[in-house]
Amino acid sequence: MNSNQSRITALIADPLTIAIAASVALLLIGEILSPGFAQGTQIVRLLTVAAILGIVAAGQNIVILGGREGIDLSVGSLISLGAVLAGNMMNGQNSGIPLAVIVAGGIPFLIGLINGIGITFVRIPPLVMTLGMTAVIQGGLVVYSQGVPSGAAAPLLSGFINQPLVFGIPGILFVWVAIAAIMLFVLRRTSFGFAIYAIGSNERAATLVGLPVQLIRTLIYGFSGLFAGLAGVCVIGYTGTSFISVGDQYVLPSVIAVVIGGTSLAGGAGGYLGTMAGAVALTILQSVLITLNLDVWARQVIFGLTLLALMLLYGRQKKLRV
Amino acid sequence: MTMFHLARRQPWLITVLVFVILAIVNTILQPSFVDPTVMRSNLSTFLPLILVAIGQTYVILAGDIDLSVGSIVALVNVVTVTVITLLGGTLGAVFGGLAAGFCVGLLCGLINGFFISGLRFQPIVTTFATGIIFAGLAIWVLPQAGLPVPDAYWQTYTESLLGLPVVLLVLIFGAIFTLVVSRLPFHTRLIAVGGNRTGAFQSGLQLGGLRIGAYMISGAFASFAALCLTGETASGDPLLGASLALSSISAVVLGGTALAGGFGNATGSIVGALVLGMIGNVIFFAGLPFEYQTLVQGLIVLAALAGGVFVTRR
């Protein structure tokens, strides 16, 4: 009886439960404010938007799990880079899709590795390294695009992301589920996944047991770049065209989705299931705020206040007095 | 003591050296650089970043970070011009606007400090979030850029007082402030808080007061920066200051302060901010094609940051 009670308490306090409950509550609020908000097609639409955020947040998640103040603020510019590269590789042709995915995933992966090398070997704090890299990537994008938007999504890619594939569900959601399966498998069943938790919770101990800490951390940032680049491919598929700051809007939400999902910003604790719920909850919140027909400023203030409220629930740091 | 040890103990000396080299290069590329009017106009361009970087230093020294400084600058700017307009644009109204702007800056700092030190929120996400809120409030106060300030405001800012340009006086004020504060017990305690938080707590330091104090200094200097920007642009703009968070952190790191906290001083950040400004200047006058300027600037700043971190890490 007692253990049952504590199990229920633990379930209620679990960030995953809170994020799912918040999503359902927000859907209900949306339905009350504007009937039809929680319709099947509308929910699929919301999940499509959440999938793009969720893919970016997968990279952000392992970076934060890896500890040592891990954060990747370059994901926004890497998404833009992925979108612009993919657009130019495809140029509206279906035959260009494989090359687009390889280039738009590969180059951000390499840039992510450079982030990782700067952070692990030169020991530049992640915040500074990834923000500095953002400026470099943005500069590179200006050079590459010569300031003119170019490239277009192939019809097949746009259809994959915007049109139902089977059972009224677009292809991107299957991709998201596949990525989730890989993330969950890697984090829970492979030595690489355990190593991420190990270096995030106690780097010294991880070094002492012989883990290649620096290599693992470098790879983590590489994968974050890869996920951001792939999200860029989805973004251009979703919108059809790209501009050089298209990814900026994902930086903060990617961090927030991870935090809402219960991954500790100190590293070493958390997982991807919570992050997915966090991405869905965030997307629905933004959608409700738009449905409310609020002014830009009010939307911003409510969004910021929601983040602070979430921090109050589970973003707090340890007390110094024990 | 070898040069290397000196550089490790006083990393800002390297920054001063870099500054001198940049000044020489700049003078070669742009001979009018030493002209008093050009120097004054350069200084008034660099001044907002210098002021924000001074405030940011104290927050970083205590082991925290303030990503909301850019939004505070925008909010103070629009509050100041709105108050001046509401009070009728007289001389008294200008002072009322300045006071209101300063209070808003302090209040923003207090709010950040309250959440982070009082409620133990994580600094990066919290100041990201308060930054969104402050920026939203700025749009609420003044939805569109406009509302010119009285001529007296910007004329005073661009003129001279006691034979010295006002912008130079502001810089001297900032430098004296940093030098005085670095000799106060407050500074030593901040460094203790940033270097070893548990140790500082166990030795009885008032952590809460110190960290909130640092955030309020950051808010106050962000408001000074906003008031200077208002003198420069002579009107209100709710979207001001977007890049100030990153550049101020870069300036602090270049000035020899450790980003992890516990080591450094704000005088170095002034030099760091000047170096950042000069890098932009040199690139502009080097005659690079326009599209390449952002890229080259980003690469140089990243390299400088890597160098700065390499020297200050311990």
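Quick note: structure is the one above.
Quick caveat, the model's predicted, so the values are computed rather than measured.

Chemist: What is the right way to look at the overall build of chain A in this model?
Modeler: Each helix and strand counted, chain A has 14 helices and two strands in total. Taking 2.2 N^0.38 as the reference for a compact globule, 322 residues should give roughly 20 Å; the C-alpha atoms of chain A span a radius of gyration of 20 Å, in line with that estimate. Projected onto the principal axes, the alpha-carbon positions of chain A cover approximately 60 × 55 × 40 Å. Per-residue burial for chain A yields a buried fraction of 52% across its 322 residues. Here the contacts in chain A between residues at least 6 apart in sequence split such that 75% fall between residues at least 24 apart. Put simply, chain A shows about 13,900 Å² of open surface, and 69% of that area lies on carbon and sulfur atoms. Separation between the mean location of the 13 positive side-chain charges and that of the 7 negative ones in chain A comes to 13 Å.

Chemist: Hey, could you run me through the overall build of chain B in this one?
Modeler: For chain B, the count of helices and strands is 14 helices and two strands. Its C-alpha radius of gyration of 19 Å places chain B within 12% of the 20 Å reference for a compact globule of 314 residues. Projected onto the principal axes, the alpha-carbon positions of chain B cover approximately 55 × 50 × 40 Å. Counting across all 314 residues of chain B, residues that qualify as buried make up 54%.

Chemist: I keep staring at the pattern of salt bridges and nothing clicks. Help me out?
Modeler: Here the idea is simple: oppositely charged side chains can pair when their charged atoms come close. Per the counting criterion, the structure on display carries four salt bridges over all chains. A salt bridge links Glu203 of chain A to Arg68 of chain A; its shortest N-O distance comes to 3.1 Å. Placement of Glu203 of chain A in helix H10 (residues 203-208) and of Arg68 of chain A in the loop between helix H3 (40-65) and helix H4 (75-90) is noted, with a sequence separation of 135 residues between them. What makes Arg68 of chain A partly exposed here is its relative accessible area of 35%. Asp64 of chain B is the salt-bridge partner of Arg197 of chain B, the closest N and O atoms lying 3.6 Å from each other. Within this pair, whereas Arg197 of chain B is found in helix H10 (residues 197-202), its partner Asp64 of chain B is found in the loop between helix H3 (36-61) and helix H4 (69-86), the two being separated by 133 residues in sequence. The class of Arg197 of chain B is partly exposed, set by a relative accessible area of 24%. Overall, Asp64 of chain B belongs to the buried group, its relative accessible area being 4%. In the salt-bridge network here, residues are joined through shared partners; they are Arg68, Glu203 and Arg217 of chain A.

Chemist: Looking at this model, I keep getting lost on the interface of chain B and chain A. Mind explaining?
Modeler: How big an interface is tends to be reported as the loss of accessible area on association of its parts. The interface of chain B with chain A comprises 40 residues on the first partner and 42 residues on the second. Inspection of the chain B/chain A interface yields zero salt bridges. Put simply, the parts of the chain that give the side of chain B that touches chain A at least two residues each are helix H6 (123-141), H10, helix H12 (244-254) and helix H14 (290-312) of chain B. Element by element, the count of residues in the side of chain B that touches chain A is highest for H6 of chain B, at 14 residues. When its residues are assigned to classes, the side of chain B that touches chain A shows 29 nonpolar, seven polar and four charged.

Chemist: I keep staring at the packing of aromatic side chains and nothing clicks. Help me out?
Modeler: Between two aromatic rings, the relevant description is the distance of the centres plus the angle of the planes. Applying the stated criterion across every chain yields a total of 13 aromatic pairs over all chains. Ring centres of Phe109 of chain A and Phe223 of chain A lie 5.8 Å apart, and the angle between their planes is 40°; this geometry places the pair in the tilted category. With Phe109 of chain A in helix H5 (residues 97-120) and Phe223 of chain A in helix H11 (residues 213-239), the pair connects residues that are 114 residues apart, well separated along the chain. On the accessibility criterion, Phe223 of chain A (27% relative accessible area) is partly exposed. Taken together, a centroid distance of 6.4 Å and an interplanar angle of 15° make the contact between Phe173 of chain B and Phe221 of chain B stacked. Of this pair, Phe173 of chain B sits in helix H8 (residues 166-181) while Phe221 of chain B is found in helix H11 (residues 207-233), placing the two residues 48 residues apart along the sequence.

Chemist: Just to check I follow, could you spell out the packing of helix H12 (residues 251-260) of chain A against helix H13 (residues 272-291) of chain A for this structure?
Modeler: A pair of packed helices is captured by two measures, namely the crossing angle of their axes and the spacing between those axes. Residue and element names in this part refer to chain A. The interhelical angle for the contact between H12 and H13, taken along N-to-C directions, is 120°, at an axis separation of 7 Å. For the element pair H12 / H13, the angle class is oblique. Classified by chirality, the crossing of H13 by H12 is right-handed. Listed contacts from H13 to Pro253, Ile256, Ala257, Val258 and Ile260 of H12 are Gly274, Thr275, Gly278, Ala279, Leu282 and Gln286. Of the residues contributing to the contact of H12 with H13, the split by class is seven nonpolar, four polar and no charged.

Chemist: Looking at this model, I keep getting lost on the side chain of Ser158 of chain A. Mind explaining?
Modeler: All names here are of chain A. By secondary structure assignment, the location of Ser158 is in helix H7 (residues 155-162). In this structure Ser158 comes out as buried when scored by relative accessible area, which is 18%. Apart from the residues lying within four places of it in its own chain, the contact partners of Ser158 are Ala153, Gln163 and Gly237.

Chemist: How should I be thinking about the environment of Pro238 of chain B in this particular structure?
Modeler: All names here are of chain B. Here Pro238 is to be found in the loop between H11 and H12. Here Pro238 falls in the buried class, since its relative accessible area comes to 6%. Considered as a pair, Pro238 and Asn77 are 161 residues apart in the sequence and their alpha carbons are 7.6 Å apart. Apart from residues no more than four positions distant in its own chain, Pro238 is found in contact with Ala74, Val78, Ala138, Ile139, Leu142, Pro143, Gln144 and Ala145.

Criteria and thresholds
Residues numbered from 1 in each chain as written. Chains lettered and ligands numbered in written order. Predicted model: local features only at pLDDT ≥ 70, side-chain atom pairs only at ≥ 80, totals over all residues. Heavy atoms only, no water. Helix = DSSP H or I, 4+ residues; strand = E, 2+ residues; numbered from the N terminus. Rg over C-alpha atoms; globule rule 2.2 N^0.38 Å. Buried < 20%, exposed > 50% of the residue type's maximum accessible area, 1.4 Å probe, protein only. Contact = heavy atoms within 4.5 Å. Areas by Shrake-Rupley, 256 points an atom, 1.4 Å probe, with all protein chains shown as cover. Lys, Arg positive; Asp, Glu negative; His and termini not counted. Charge placed at Lys NZ, Arg CZ, Asp CG, Glu CD. Salt bridge = Lys/Arg side-chain N within 4 Å of Asp/Glu carboxyl O. Nonpolar A, V, L, I, M, F, W, Y, C, P; charged D, E, K, R; others polar. Phe/Tyr/Trp six-rings, centres within 6.5 Å; stacked < 30°, edge-to-face > 60°. Axes fitted to C-alpha atoms, helices over the stretch in contact; angles between N-to-C directions. Parallel < 35°, antiparallel > 145°, perpendicular 65-115°, else oblique. Left-handed = near helix turned anticlockwise from the far one by under 90°.

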